[in-house]
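Notes for the structure review
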Amino acid sequence: MTASTPSKEFFDLVKAIGESRSKQEEDKIIVHEKAQLKTRLAEPGVSAKRMKEYLVRAVYVEMLGHEATFAYIHAVNLTHDKTILCKRMGYLACNVFLHRDHELMLLLINTIQRDLGSSNHLEVSAALTCVCRLVSDEMIPAILPMIIKLCSHTNEGVRKKAVMALQKLHQLQPETATEARDAIRRALCDPDPSVMGASLHIIHSLAKANPGSCKDLVPSLVNILKQVIDCRLPRDYDYHRVPAPWLQMKLLALLATLGSADARASEQMYSVLQETMRKADSGVNVGYAIIFECVKTLTTVYPSQPLLELAASSISRFISSDNHNLKYVGVTGLSQIVQINAAYAAEHQLVVVDCLEDADDTLKRKTLGLLFRMTTTQNVTVVVEKLISNLRTAVDVHLRRDLVSKVCQLAEKYAPDSRWFIDTLLEAFQLGGALVPRETANNLLRLVAEGPLGGEDPEADDDFRRYCVNTCAQKLERGESVPDILVQVVCWVLGEYGQLCTHEGCGLEDLVDLLCDAIDRDFEDPSGTRPWILSAIMKLSGQTGLTGSAGVGDVVEKYTRSECAELEQRAREFAALKEKPDLFALVLPYDASCEDIQADPSLPFLEPFVRKAVANGAAEYVPVERRAKGGFTPGVPAVSGDVTGVMPGGREKEGALNFKPYEKPTKKPQPAPPADIAIAAPNGGGGTFGHSAAGQSAGSTADGGAASGLNVTGPRKWGPSGYNGPTASAAQQKPPGAQPGVRSQAPTSPAAPASSAPVGGAASSSASSRPQPSPALPAKPKELTEKEKMAAALFGGLGGGAGGGAPPPRPAATGAAPKAAAKAGGPRPGATAAPSLAA
C-alpha cells in the first residue's frame, strides 16, 4: 500500500460500510473485519506497510463503536518505527485507541520523550500532537522542560504546537504556567501569526484566573489588534475579505477580560475598539460577529458614552433586520447594553413587541430575557404579565424554570404593592409548582407574618392578612388541582390567620371542613404536604375550640395509624391536646409565628419525675463536670463526698467506670539524617426581599518597564522578515482619566411612584374680571394602536430614546437575581423569627 493507493481489501471494507442499509448490516461487516484483523496481526513478519493499513482498518472498527484492543500494542510498537509515515500512523492510532490513564501509556512515554528531542520537525510535531491528547499529571514533570524549549524551535509549526501543548498542561496543572511564563509572552510577539494566535488562548486562561498578572499586556494586545484590522497579516488569514476574523474576536474577548472595572486599561482600548467596529461593517456574517463581539467588549470594560452610543447604533441595524439570525444577535446585544442604561432600548419599542409575538421560539425567549433586564417599577406589571403568559403555554421544563425564576425575582424586587405581590406569587406557584424556589415561598410567609408595614400600622397589616386569607380560602374552595408548594402556603396562612376570613360562605367551621377534605387529595409528596394540612387543622381547632367536629375526629383517627412517622406523631399530639383545651390554646396561640419562644434550659417541670425515680432506686444524674474528675459506680446513687467511685487510699471501687481521659500520644523523635544526605523541601436567612448592590471599580497599574515585560512603543507589522519593530519609538502619551472610585448603590424601594400634582398660579382679581378670549381647542390626539399601547407600557420608564440619559459611570446589572433587601410590599428588615417551608 502506498500513500495514495489502498489495498483491495481496504477498498472493499470502506465500500461495504458506505453501502450498508442498517446498523445490523454494518455490525456484521465490522465483526467479520475484526476477525480478519485479529488473524492478520497475529501472523509473524508483518511488514510496516501492511501494519499501517491494518491499523487504519482498526481505527475504522473503533470509530464505528467496536473494540479493537488486539491492535493497541501494535499501534504503540509502530510509533517506534524510523519511517516518518509509519511513526505518524502509530501516533494517530494511539490517539484514537488509548486514553491518558491507559496501562500502555507506560510504554509510550519514552517514545514521546525521544521524539520531542528529535531533529526532525515532523517527528516532534507528531509527539506534540500526542501530548495534547494523552498527557497525564504524572507525565508533566518529564516533558514540561522539553516543551518550553520547543517554544523557541526554528520551525513555526513546532512552536505553535508547543504553545498548544502548554495550554493543555495548564488545564491539567495551572501552576505549570509559572515556569512557562516567559515562553508564553515570547510567543505573543512571535514573527508567525499562527504562533501568536495560539498564545492568545493560554493568555486568556491566565487572565481569567488572575487579571492583574496580564494587565501589562494591554498595550501589546491593542497594537496587535490594530495591525490585524490594518491588513498587515498575509492574505491566507482573510475570510470573505475580513482580515483574520477569529483572531480579532479572540483579541476582543481578551481585552474585555483585562479591561473589566479598570478605567486606565479601558482607556487604552477605546480607539482601537471604535476602529474595529467601523472596519468590520462589511455586510458579511463574519463582520457582524466581530461587531457583536465589540459590543460585548464595550459593555464589559469601563464604560464610554460615545462608544456605547456607537454600539447602540450598530445593534439597531441588527434588531431591525428581516433576518431572524441578525435579529437574534440584535436582541442579545441590546440585552448587554440595557444593563448599563435601559434608555438605549426605548427607540426599539415596537421591534421588541414584534419579537415577543414572533413564531420563532428562540427569538421569543431571548426577547423575554431582554424585558427582564430592562424592568423598572413603571413597567413591572406588564413585563410580569408577559412572562406569566408565556409560562402558561411553555412545555420545556428548563424554560419554565427560567420563567418562574424571573417572575419571582421581579415580583420581589419591583412589586408596586403588597397585594400585587401576593397575587403574582400565588399565580407563579400555581403554574410553576415544584419549580418555585423554596426561598421565595419562605419570603411570602414572612411577609404575611410580619405585615407589609412591619407592625407600624396594625389595622393595615390586618387588612392585608385578611386579603391573603380570603384569597387562600378561594384557592382551597375551588377544589382544583393545586401544586404541593401552594397547598403548603395556603395551609399555613389559613392556620395562622383563619379567624380573619370574611369570604362569603367560608366560616371557621367551613375552613376546617375544607382542610379535612383536602388532606385526602393526591399529592406529589404526600409525606411532606399532609403534615402542613394537619397542622392547619390543629391550629384552627385550638384557637376556636372546634375539636368536636366529626371530620376532625375522622382525620385524627385515620392518621394516628399512618405509615408516615411525622404525620402519625402530629396526629397523636392532636389527639392528646384535644383532651386538654386550655393547654391546646396555650400551645397554639393566634398570630404567634413571630414571637420569641422563651425556653428554660434547666427544665424544672421534670423535677417531680426525677425525685420519684431516685426514690425508687434509680441512679442520680451526675453532671459532666463532676464526671470528668473520676469514675462512678453504675446503679449506686452518687452522694456527697463520694462521687468519683474512688475508695480511700486511691483504690478504685470494683465495677466502677473510669472516666479519666487517655494521655495524649507523644511523637517519638526522628533520628537525624546522615550528614552526607541532602533533604529537599517541597515547594511549597434574612427576612427581606431585595438586595443592596455595591459596585466597585478598582483601577490597576501596570509596570510597562519591567525587564520581563514587553516594550511595545509603536506599531509593528508582519513583513518578509517576520514581526518587524518600528523605525523610531513613538512617545507614549499617558491617557487622561481619573482613577475609578468605589461606589455603592443603596437598596431602593419599589413602591408605586407618587403622582405629582400640577402646580398653578393664582390670577389677580382685576385680570379675572376682564373678559378672556376663548382658548383654542387642542388638537385631538392620535389614537394609539394595540402594539403602540403595549410598547408604551413596556418602555414607559426608560426615557425618550437612546440618548435620553447618560449611562452611569459603572455598569449595574439590573437583571441580577435579587437577594434579601427591604422594599415596599416586603417585610421589614431585622426580623427575629419567621416561618419557613423547611420547618
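What counts as what
- Residues numbered from 1 in each chain as written.
- Predicted model: local features only at pLDDT ≥ 70, side-chain atom pairs only at ≥ 80, totals over all residues.
- Heavy atoms only, no water.
- Core = buried A, V, L, I, M, F, W, Y, C linked by side-chain atoms within 4.5 Å.
- Buried < 20%, exposed > 50% of the residue type's maximum accessible area, 1.4 Å probe, protein only.
- Helix = DSSP H or I, 4+ residues; strand = E, 2+ residues; numbered from the N terminus.
- Contact = heavy atoms within 4.5 Å.
- Expected span 1.5 Å × (residues − 1).
- Polar contact = N/O pair within 3.5 Å; in protein donor to acceptor, adjacent residues only side chain to side chain.
- Phe/Tyr/Trp six-rings, centres within 6.5 Å; stacked < 30°, edge-to-face > 60°.

**Let's talk about the nonpolar core**
- In this structure, F97, L98, L108 and F429 are the most contacted members of the largest nonpolar core, which totals 203 residues.
- Element by element, the count of residues in this core is highest for helix α27 (residues 484-497), at 10 residues.
- Aside from chain neighbours lying at most four places away, what touches L108 is V76, T79, Y91, C94, L98, C130 and L134.

**A few points about helix α13 (residues 218-229)**
- Between the first and last C-alpha of α13 there are 17 Å, a value that for 12 residues agrees with the 16 Å anticipated at 1.5 Å per step.
- Summarising burial for α13: 10 of the 12 residues are buried, a large majority.
- For α13, the full list of buried residues reads V218, S220, L221, V222, N223, I224, L225, Q227, V228 and I229.
- In the stretch just after α13, C231 is the one whose phi turns positive, near 60°.

**Some remarks on the environment of Q113**
- Mapping Q113 onto the fold places it in helix α6 (residues 105-116).
- Note: C-alpha distance between Q113 and M146 (33 residues apart in sequence) is 8.2 Å.
- Setting aside chain neighbours within four positions, we find Q113 in contact with A142, I143 and M146.

**Description of the side chain of T375**
- Along the chain, T375 turns up in the loop between α21 (361-373) and α22 (380-393).
- Looking at T375, the relative accessible area reads 3%, which means it is buried.
- In terms of polar contacts, T375 uses its side chain to reach the backbone carbonyl oxygen of L371, at 2.7 Å.
- Only 3.3 Å separates the side chain of T375 from the backbone oxygen of F372, close enough to count as a polar contact.
- With sequence-adjacent residues up to four places away left out, T375 is seen in contact with V380, V383, L410 and Y414.

**Brief notes about the packing of aromatic side chains**
- If you walk through the whole model with that rule in mind, you get seven aromatic pairs.
- Ring centres 5.8 Å apart and planes at 75° place the aromatic pair F10 and Y60 in the edge-to-face group. Here F10 is found in helix α1 (residues 8-19), whereas its partner Y60 is found in helix α3 (residues 48-63), with 50 residues between them in sequence.
- Accessibility expressed as a relative area gives 27% for Y60, which makes it partly exposed.
- Taken together, a centroid distance of 5.0 Å and an interplanar angle of 25° make the contact between Y72 and F97 stacked. One end of the pair, Y72, is in helix α4 (residues 72-78); the other, F97, is in helix α5 (residues 84-97), and 25 residues separate them in sequence. Across this residue pair, the class does not change: Y72 and F97 are buried.

**Let's talk about unusual backbone geometry**
- Not every positive phi belongs to a glycine, and C231 is a case in point at roughly 60°.
- You can see C231 is positioned in the loop between α13 and β1 (238-239).
- The partly exposed category is assigned to C231, whose relative accessible area is 47%.
- With phi around 65°, R241 is a residue other than glycine that occupies positive phi space.
- Relative to the assigned elements, R241 resides in the loop between β1 and β2 (242-243).
- For R241, a relative accessible area of 81% puts it in the exposed group.

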